[in-house]
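Per-entry structural report
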Amino acid sequence: MRATGVRMSEMPGPKVYNIWWGDKHGAQRQRGIVQYGVSPFRQRSTHHMFRHYLFNGYRRLASQVPYWIVPVSLGYGLYTWANAHYAWQGSKAGHLASGEHH
């Protein structure tokens, strides 16, 4: 693979079809340029998007709840237990129960 050449900000050479800042002297007719447009009927594809998402999106999200609620609840339970256990280990009762003294 060959590295791209450095682009200089100078006048374009003879192989370039673009004209330089409106200079029409010696400009060649551009070829091979395709322009695409979007129909006005297709531009309204997001019409009522939010209203339809309230029902269809809720249905789709509700169908996925069993797959993520179990790991999230287990992770949250482990997190709260670990914080409580860490706080208990740092307390006076935790030190006395473990047999360690400060």
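Refer to the structure above for everything that follows.
Here is a short report on the structure shown in this document. Just so it is clear, the structure is predicted and the values come from calculations on it, not from any experiment. (Residues numbered from 1 in each chain as written. Predicted model: local features only at pLDDT ≥ 70, side-chain atom pairs only at ≥ 80, totals over all residues. Heavy atoms only, no water.)

Things to note about the overall build of the protein
The condition is simple: By the criteria applied, helices consist of DSSP H or I runs no shorter than four residues and strands consist of E runs no shorter than two, each listed in order from the N terminus. Classification of residues uses two cut-offs on accessible area relative to the type maximum, computed with a 1.4 Å probe and protein chains only: under 20% is buried, over 50% is exposed, and between them is partly exposed. Throughout, the Shrake-Rupley method with a 1.4 Å probe supplies accessible areas, and for residues the shown protein chains are the sole cover considered.
From N to C terminus, the protein includes 2 helices and 0 strands. When each of the 102 residues of the protein is scored for burial, the buried share is 3%. About 10,700 Å² of surface is accessible on the protein, with carbon and sulfur atoms providing 61% of the total.

A closer look at a nonpolar patch on the surface
Let me state the cut-off plainly: To count toward a patch, a residue needs a relative accessible area over 30% and no salt bridge; like charges are then connected within 9 Å, while nonpolar side chains (Val, Leu, Ile, Met, Phe, Trp, Tyr) are connected within 5 Å. Take a side-chain nitrogen of Lys or Arg and a carboxyl oxygen of Asp or Glu: if they are within 4 Å of each other, that pair is a salt bridge.
Nonpolar side chains collect at one region of the surface, where Trp68, Ile69, Val70, Val72 and Leu74 lie side by side and expose about 480 Å² of accessible area between them. Inspection of the secondary structure puts isoleucine 69 in helix H1 (residues 49–89).

Quick notes on the environment of serine 98
We count it as follows: Residues adjacent in sequence count toward polar contacts only when both atoms are side-chain atoms; beyond that, a polar contact is any pair of N or O atoms within 3.5 Å, and within protein one must be able to donate a hydrogen and the other to accept it.
Structurally, serine 98 is set in helix H2 (residues 92–98). Judged by relative accessible area, serine 98 falls into the partly exposed class, the value being 47%. There is a polar contact of 3.2 Å between the side chain of serine 98 and the backbone oxygen of histidine 95.

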